[in-house]
Amino acid sequence: MVGLFPLLLLSLLLGLGLHFLLQVFAKQEPANLPHGSMGWPLCGETLGFLKPHRSNSMGNFLQEHCSRYGRVFKSHLFGSPTVVSCDHELNWFVLQNEEKFFRVSYPKAMHGILGKFSLLIVSGDVHKKLRNVGASFISASKSKPNFANCVEKMSISMMNSWKNCKQIGFYKEVKKFTLNLMLKHLLSIEPEEPLAVKILEDFLTYMKGFVSLPVYIPGTPYASAVKARARLSATVREIIKERKKEKLGLEEGDFLDIILSKGSLSDEETVSIVLDILLGGYETTATLMALIVYFLAHAPDALEKLKQEHNAIRNSKEDGEPLSWEDYQKMEFTCNVVYEAMRCGNVVKFVHRIALQDVKFKGYFIPSGWKVLPVFTAAHFDPSLHENPLEFNPWRWTDKATSKKVMPFGGGPRLCPGAELAKVEIAFFLHHLVLNYRWKTMADDFPLAYPYVEFRRGLLLEIEPVEAMLEKKPNCTT
């Protein structure tokens, strides 16, 4: 206990010193800086900003601040003076002016988890080079028959695995599905291989610490996530080593083969881009699929419309004939469901940017060096942009103007490169799900923003096959 006193005293002095500096800084603020509050010394308003809330809502923090200060306000978040934007036009302006007026600026603690070559962190020419590598793979994959066939086979396999189940933990199941698909396509690792199980365990640990309190103390989620990332990196490095030893790297191989055949990336950059695509294709896609299933369970009209679309596609094909790229292009309402789930569920709540120079926009002033947080959630629920914004309504996307009011996959140079690939994957999975099962959610289960999305009970579903079985089904809760 005695040893803790100097630490407590130092913390107190630092807090008082920072509070004093904030007071001095506040007196020097420009008159046209957005209104707001800088919160408490050290933590500012970060804890309130990150307080969990339903992901299909703005949350109390944003609602109260928008009501008090307007849709653009100042705060002190993640250790920095910050302008928070809940304004769609300002959000769009920030994303479109990457490297000109703004630059990506995630908290340094996240660098230890993501790695220095992560697409989320790097900027400029390095970002352009790595993004082009990832985008070329995704572009080539989305319409290839082998990718579509792989998605369909894994979807059918998962549907068959549920046929004797009464309940499933859908979120956990769909995470296995998305990771196994990415591992197969990127690294040729089969779902039944022990290595696939090991990678899944490390990714689960990795995600738990992704936005946790960045304290590197053994046993904390953050420390465990850093170690999990190191293990994942070592796994991919070992695979690279084996491929080089076997002199693989052929154009017609998997993603890793193609990268190695080009020889344009270092091993560290290769590891990073593989992990980035695994992360995007695993976590965000699985979350979006879970949100779609959740919203459809509460929107019977939308579910019925979706079933009609997929029944029409199935009826146009021979028995057992696989889905094709042409079938995907017919899934218009399915894509509207995907977009609406992104708008309502908010897989990505906000992003981090920093002002490279003084910026004036719509009468607001953003000082150079200040953080800027474009908050997509707030714009997605803005009643001035969307009629009945809290309602899950895929039909709103039949109005082409809606796409200009929402940024479900980001924007600017950092627009999600895997958006189309994810939509193909989700559309094929939904095809088999809606034609084979009916489901109900638990009354006390719903999506929460931490800010990453998690389900209170893991999206536990009661399921029933369309051709209902007569015998009693066992409980297969996962």
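Keep in mind that what you see is a predicted model, and the values were worked out from it rather than measured.

> Residues and numbers for the side chain of Glu45, please.
Counting through the fold element by element, Glu45 comes out in the loop between helix H1 (4–27) and helix H2 (46–49). Despite its burial, Glu45 remains without a salt bridge, the nearest opposite charge being carried by Arg68 at 6.7 Å. Residues within four places of Glu45 in sequence aside, it is in contact with Ser37, Met38, Gly39, Phe61, His65, Ser75, His76 and Leu77.

> If you had to explain the nonpolar core to someone new, which residues and values would you point to?
In terms of nonpolar packing, the biggest core is built from 114 residues, with Trp162, Phe170 and Tyr206 touching the most fellow members. In terms of residue count, the dominant contributor to this core is helix H12 (residues 267–297) (18 residues). Non-local contacts of Trp162, meaning those with residues more than four positions away in its chain, are made with Ile168, Phe170, Glu173, Phe429, Leu433, Tyr437 and Ile463. Formed by 16 residues, the second largest nonpolar core is a distinct cluster that contains Leu90, Phe93, Phe102 and Phe361.

> Describe in detail helix H7 (residues 145–161), supporting the description with residues and values.
Over its 17 residues, H7 runs 24 Å from end to end, which matches the ideal 24 Å to within 8%, given 1.5 Å per residue. Those residues of H7 that sit buried are Phe147, Ala148, Cys150, Val151, Glu152, Met154, Ser155, Met158 and Met159.

> Give a description of unusual backbone geometry that names residues and reports values.
With the exception of glycine, most residues fall at negative phi, and the peptide bonds are largely trans. The phi angle at Asn346 is positive, at roughly 55°, despite the residue not being glycine. The residue Asn346 is located in the loop between helix H15 (332–345) and strand E6 (353–355) in this model. In this structure Asn346 comes out as buried when scored by relative accessible area, which is 3%. Within the chain, Asn388 stands out as a residue other than glycine whose phi angle is a positive 45°. Locating Asn388 in the fold gives a position in the loop between helix H16 (376–380) and helix H17 (419–436).

> Can you break down the layout of surface pockets residue by residue, with the values?
Within this model, the second largest pocket holds a volume of roughly 490 Å³. For the second largest pocket, the lining is made up of 20 residues, of which Tyr339, Trp397, Ser403, Pro408 and Lys423 are closest to its centre. Within the residue set of the lining of the second largest pocket, elements represented by two or more residues are H15 and H17. Among the elements that make up the lining of the second largest pocket, the one with the highest residue count is H15 (four residues). Residues of the lining of the second largest pocket, tallied by class, amount to eleven nonpolar, five polar and four charged.

> Quick rundown of helix H8 (residues 170–187)? Include the residues and the values.
Along an α-helix, a turn takes 3.6 residues, which lines up residues three or four apart on a common side. Spanning 18 residues, H8 covers 25 Å between terminal C-alpha atoms, matching the ideal 26 Å at 1.5 Å per step. Here H8 lies mainly inside the structure; 15 of its 18 residues are buried. Following H8 by one or two positions, Ser188 has its phi on the positive side, about 60°.

> Break down the sheet that holds strand E9 (residues 371–374) for me, with residues and values.
Reading across from one edge, E2-E3-E9-E6-E4 is the order of the five strands in this open sheet, with mixed pairing throughout. Bordering the open sheet on either side are strand E2 (72–77) and strand E4 (102–104), each of which pairs with just one other strand. Direction aside, neighbouring strands of the sheet carry axes that sit 35° apart on average. Bridge count between E6 and E9: two bridges; the pairing is antiparallel. Following the sheet pairing, Arg353 is matched in E9 by Val372. Where helix H3 (residues 60–69) meets the sheet, it contacts E2 and strand E3 (80–85), and its direction lies at approximately 130° from that of E2. Against the sheet, helix H4 (residues 88–96) touches E2, E3, E4, E6 and E9, its axis set at about 120° to E9.

What counts, and where the lines are drawn
- Residues numbered from 1 in each chain as written.
- Predicted model: local features only at pLDDT ≥ 70, side-chain atom pairs only at ≥ 80, totals over all residues.
- Heavy atoms only, no water.
- Helix = DSSP H or I, 4+ residues; strand = E, 2+ residues; numbered from the N terminus.
- Buried < 20%, exposed > 50% of the residue type's maximum accessible area, 1.4 Å probe, protein only.
- Lys, Arg positive; Asp, Glu negative; His and termini not counted.
- Salt bridge = Lys/Arg side-chain N within 4 Å of Asp/Glu carboxyl O.
- Contact = heavy atoms within 4.5 Å.
- Core = buried A, V, L, I, M, F, W, Y, C linked by side-chain atoms within 4.5 Å.
- Expected span 1.5 Å × (residues − 1).
- 1 Å grid on protein atoms, 1.4 Å probe; cavity = no way out; pocket = protein on both sides within 12 Å on 5 of 7 lines; lining within 4 Å.
- Points joined across faces, edges and corners; volume = space filled by probe spheres on them.
- Nonpolar A, V, L, I, M, F, W, Y, C, P; charged D, E, K, R; others polar.
- Pairing = 2+ DSSP bridges.
- Axes fitted to C-alpha atoms, helices over the stretch in contact; angles between N-to-C directions.

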